[in-house]
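Examining the three-dimensional arrangement
If you want the building blocks of each chain, they are given just below.
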Amino acid sequence: GENVEQHPSTLSVQEGDSAVIKCTYSDSASNYFPWYKQELGKRPQLIIDIRSNVGEKKDQRIAVTLNKTAKHFSLHITETQPEDSAVYFCAASVSSGNTPLVFGKGTRLSVIA
Amino acid sequence: DTEVTQTPKHLVMGMTNKKSLKCEQHMGHRAMYWYKQKAKKPPELMFVYSYEKLSINESVPSRFSPECPNSSLLNLHLHALQPEDSALYLCASSFYSGANVLTFGAGSRLTVL
């Protein structure tokens, strides 16, 4: 089955700096890669996703890149703000049948003002 | 309506009690999920219902019993739980099972005494 590794487990950045979180996956058939943000005491919320037919996707300060050959994908947050502080989970899945998402272990991002 | 609603938000129960968690969505999603989340960990899949039929049971102990009365409702019946079952229980839904955007509910925080 799919295995998703996520690094780092914790990340502290100064406000205004960039943050990068990296994930690797094992199943070459995986073709859907979402990122979820979970603030303390709140539900996980989808912030961006990418499918394997594209290499990069941007949404304002957030971008995700995908390298299918190397089986890794990354979340980039630019101009970080204190409200970006949260736990971020990457996930991977095969976009067919009944295959559920497999989550990484999460990265706790702290943005220091 | 673009939300998944879970009740109760908090539940404290003894090991001999029987209680239920409820989840509701009116987005026309045909897949619904139960996840268990312990502190500082990713959501852990328990059950998947697809078109009101149980499609995935991730070897969950029988003291957890899911039920999907209709396409909008999902219940999790709890009986004879253990203290280690204390966690945040998240319901989620998606248009169909597999690689699709998951919408999470706010969760039910369960404490077993």
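What counts, and where the lines are drawn
- Residues numbered from 1 in each chain as written.
- Chains lettered and ligands numbered in written order.
- Predicted model: local features only at pLDDT ≥ 70, side-chain atom pairs only at ≥ 80, totals over all residues.
- Heavy atoms only, no water.
- Helix = DSSP H or I, 4+ residues; strand = E, 2+ residues; numbered from the N terminus.
- Rg over C-alpha atoms; globule rule 2.2 N^0.38 Å.
- Buried < 20%, exposed > 50% of the residue type's maximum accessible area, 1.4 Å probe, protein only.
- Contact = heavy atoms within 4.5 Å.
- Areas by Shrake-Rupley, 256 points an atom, 1.4 Å probe, with all protein chains shown as cover.
- Buried area = accessible area lost by both parts, 1.4 Å probe.
- Salt bridge = Lys/Arg side-chain N within 4 Å of Asp/Glu carboxyl O.
- Polar contact = N/O pair within 3.5 Å; in protein donor to acceptor, adjacent residues only side chain to side chain.
- Nonpolar A, V, L, I, M, F, W, Y, C, P; charged D, E, K, R; others polar.
- Core = buried A, V, L, I, M, F, W, Y, C linked by side-chain atoms within 4.5 Å.
- Pairing = 2+ DSSP bridges.
- Axes fitted to C-alpha atoms, helices over the stretch in contact; angles between N-to-C directions.

1. Remarks on the overall build of chain B
A tally of regular secondary structure across chain B gives 0 helices and 11 strands. Reading chain B from its N end, one meets helices and strands in the order β-β-β-β-β-β-β-β-β-β-β. Here the C-alpha radius of gyration of chain B, 13 Å, is about what a compact globule of 113 residues would show, namely 13 Å. With respect to the principal axes defined by its C-alpha atoms, chain B has extents near 35 × 25 × 25 Å. Within the span of chain B, comprising 113 residues, buried residues form 50% of the whole. Considering only contacts within chain B whose residues lie at least 6 apart along the sequence, 55% involve residues at least 24 apart. About 5400 Å² of surface is accessible on chain B, with carbon and sulfur atoms providing 52% of the total.

2. Examining the interface of chain B and chain A
Of the residues lining the interface, 21 residues belong to chain B; the matching set on chain A comes to 21 residues. Of the roughly 1700 Å² buried between chain B and chain A, counting both surfaces, carbon and sulfur atoms make up 57%. At the junction of chain B and chain A, the tally comes to 0 salt bridges. Put simply, chain B and chain A have 3 residue pairs in polar contact (both at pLDDT 80 or more) between them. Elements represented by at least two residues in the side of chain B that touches chain A include exactly β4 (31-37), β6 (53-57) and β9 (87-94) of chain B. Of the residues contributing to the side of chain B that touches chain A, the split by class is 13 nonpolar, 6 polar and 2 charged.

3. Let's talk about the side chain of B:His29
All names here are of chain B. Among the structural elements, His-29 can be located in the loop between β3 (18-25) and β4. His-29 sits in the buried class, given a relative accessible area of 5%. Here Ser-93 takes part through its side chain, which lies 2.7 Å from a polar atom of the side chain of His-29. Side-chain polar atoms of His-29 contact the backbone nitrogen of Ser-94, separated by 3.3 Å. With near-sequence residues (within four places) excluded, His-29 lies in contact with Ser-71, Ser-93, Ser-94, Phe-95 and Thr-103.

4. Let's talk about the nonpolar core
Among soluble globular proteins, nonpolar side chains are generally buried collectively. Core analysis: the largest hydrophobic core is formed by 24 residues, its most contacted members being A:Trp35, A:Phe73, A:Leu75, A:Tyr88 and A:Leu109. When sequence neighbours within four positions are dropped, the list of residues in contact with A:Phe73 reads A:Ile21, A:Lys22, A:Cys23, A:Tyr25, A:Phe33, A:Trp35, A:Thr65, A:Leu66, A:Cys90 and A:Ala91. Of all hydrophobic cores here, the second largest spans 23 residues; its members include B:Trp34, B:Tyr49, B:Phe64 and B:Leu110.

5. Concerning the sheet that holds strand β1 (residues 4-7) of chain B
Residue and element names in this part refer to chain B. Pairing in this open sheet of 4 strands is antiparallel, and the strands run β1-β3-β8-β7 from one edge to the other. Every other strand in the sheet has two partners, leaving β1 and β7 (64-70) as the edge strands with one partner each. For this sheet the average axis-to-axis angle between neighbouring strands, irrespective of direction, equals 20°. Note: β3 against strand β8 (residues 73-79), 7 bridges, orientation antiparallel.

What is shown is where atoms sit, not what they do.
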